[in-house]
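# Architecture and fold: a report
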Amino acid sequence: MARIYNFSAGPAVLPVAALQEAQADLVEYQGSGMSILEMSHRGKEYEAVHNEAVENIRKLLNLPENYAVLFMTGGATAQFALIPMNLRGEGQIADYINTGAWASKAIKEAKLLGQVNIVANTEHECPTRMPDASTLKFTPGAAYTHITSNETIAGTQWRSFPRPESPLVADMSSDILSRPMDVTQFGLIYAGAQKNLGPAGVTLVIIRKDLVERASGKCPMIFRYKTHMEENSLHNTPPCFSIYMLALCTRWLLNLGGVDAIAKINREKAEKLYAAIDASSFYKGAAVKEFRSDMNVTFRLPTEAQEELFVKEASTQKLKGLKGHRSVGGIRASIYNAFPAAGVDALIAFMKDFEKRNG
Ligand code: PMP
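Residue positions are counted from 1 within each chain, in the order its sequence is given. Predicted model: local features are reported for residues with pLDDT of at least 70 only, side-chain atom pairs are reported and counted for 80 or more only, and whole-chain, interface and lining totals are derived from all residues. Only hydrogens and water are set aside when side-chain values are computed; all heavy atoms of the structure are taken into account.

Moving on, we come to the overall build of the protein. Along its length, the protein carries nine helices and 14 strands. For 359 residues, the compact-globule estimate of 2.2 N^0.38 gives 21 Å, and the C-alpha radius of gyration of the protein, at 21 Å, lies within 12% of that figure. The principal-axis extent of the C-alpha atoms belonging to the protein is close to 65 × 55 × 30 Å. Working definition: with a 1.4 Å probe on protein chains only, accessible area under 20% of the residue-type maximum means buried, over 50% means exposed, and in between means partly exposed. Here the protein, with 359 residues, has 54% of them falling under the buried criterion. For helices the rule is a DSSP run of H or I covering at least 4 residues; for strands it is a run of E covering at least 2, with both sets numbered from the N terminus onward. Two things to know: the radius of gyration comes from C-alpha atoms, and the globule rule equals 2.2 Å times the number of residues to the power 0.38.

As structure tokens, this is what we get:
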């Protein structure tokens, strides 16, 4: 098998065990005489897969009964609009923390529909960073406070979360299930699947059940969290295959020991890579140290020409997807849950060799 080391920011590398299981089941799913891609979402085979996916998420996050797990579509981007539509009442203000490109997109959408207060803004800071959580001043009576737990492009991550009075809403697209956390700090968590959960096509939403009551009667049924909660995410045809893959990927994570086990592995991978960056005067980390992301490691080389050469040469050595986001340039190594530790070692070896030849 000639698999490369895939540093792509998303869709991203998946556990090989999950891919192989899907391959084995693809043409005929467990004696059903058909593929999982072909069967009714109301049939008993799919129902078991769907419910396993929900249960795996509940187990991995240790979810209390008063939280619901929803599978939705439209990516995290659809949630940028659905959150204000569902959680912000007429005339109410929603607090947002602008930490970079993704938070900024969520803010733009929320502004289209009503009032937003920007509690802090680090979007254009260089090196990239999160704000100091202890200095934040929230709006009294705000509908909710929105954060982006990991900025995929900037390579920054909240280490401890702000504690506003209003329900905390977090875009965890790029770090869900990568580290332990107390879900009860949040009113709503959402994540596109294509980094840490499975393939693209499904969006995970975890919502405190009382919050689904906030949507006004004018909100279309399909856009209400309440609809999806009451119908176990089967109001309309769900992205069955993506949910099936999510079930396999979360099963893989449970077998590995769950979130605590993967967090340790993630920490080790990231620490090794940051140590290699810090040990060199050629490479320079893009983020302030205390906010560095364990998922997206961003760094620069002395010149853009060298960065271009770095990406080009790396790709000939099976190290692919290292080009930074087009809006910021530089190098980005995305090392999500399923990214193997050996790939980090291979990248570090390549970095040392590249520096010797070009430094
Ligand atoms: N939020 C974050 C933090 C992301 O990294 C991304 C995708 N890279 C998105 C939102 C948008 O996700 P989607 O393309 O699934 O809508």
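Along the chain, Gly330 falls in the loop between strand E13 (319-320) and strand E14 (331-334). C-alpha separation for the pair Gly330 and Glu308, spaced 22 residues apart in sequence, amounts to 8.5 Å.

Close to the ligand lie Gly75, Ala76, Thr77, Phe80, Trp102, Asn150, Thr152, Asp171, Ser173, Ser174, Gln194 and Lys195. Taking Thr77, its side chain carries an N or O atom lying 2.5 Å from an oxygen atom of the ligand. By the criterion applied in these results, polar contacts are pairs of N or O atoms within 3.5 Å in which, for protein atoms, one can donate a hydrogen and the other can accept it, and in which residues neighboring in sequence qualify only through two side-chain atoms. For the ligand, a nitrogen atom lies 2.6 Å from a polar atom in the side chain of Asp171. Relative to its free-state accessible area of 390 Å², the ligand is covered by the protein chains to the extent of 84%. Residues are grouped as follows: nonpolar covers Ala, Val, Leu, Ile, Met, Phe, Trp, Tyr, Cys and Pro; charged covers Asp, Glu, Lys and Arg; every other residue, Gly included, is treated as polar. Of the residues that constitute the shell around the ligand, the class distribution is three nonpolar, seven polar and two charged. In this text, near means that some heavy atom of the residue lies within 4 Å of the molecule or strand in question. Accessibility throughout is a Shrake-Rupley quantity obtained with a 1.4 Å probe, and a residue counts as covered only by protein chains that appear here.

Pairs were defined over the aromatic rings of Phe, Tyr and Trp, the Trp ring being its six-membered one, requiring ring centres within 6.5 Å. Orientation was assigned from the angle between planes: stacked under 30 degrees, edge-to-face over 60, tilted for the rest. Enumeration over the complete set of coordinates arrives at 15 aromatic pairs. Plain terms: the ring middles of Tyr29 and Tyr244 are 5.9 Å apart, the flat faces sit at 90° to each other, and that makes the pair edge-to-face. In this pair, Tyr29 sits in the loop between helix H1 (16-25) and helix H2 (44-61) while Tyr244 sits in helix H6 (residues 240-256), placing the two residues 215 residues apart along the sequence. Each member of the pair, Tyr29 together with Tyr244, is buried. Between Phe80 and Tyr190, the ring centres sit 6.3 Å apart and the planes meet at 80°, which makes this aromatic pair edge-to-face. Linking Phe80 in helix H3 (residues 75-87) with Tyr190 in strand E9 (residues 186-192), this pair joins segments that are 110 residues apart in sequence. Classification of Phe80 as buried rests on a relative accessible area of 4%. Taken together, the ring pairs in this structure connect Phe282, Tyr283, Phe299, Phe310, Phe350 and Phe354 into an aromatic cluster. Over the aromatic face of Trp102 sits the side chain of Lys105, whose NZ or CZ is 4.7 Å from the ring centroid. Two conditions define a charge located above a ring, namely a distance within 6 Å from the ring centre to NZ of Lys or CZ of Arg, and an angle within 35 degrees of the ring normal.

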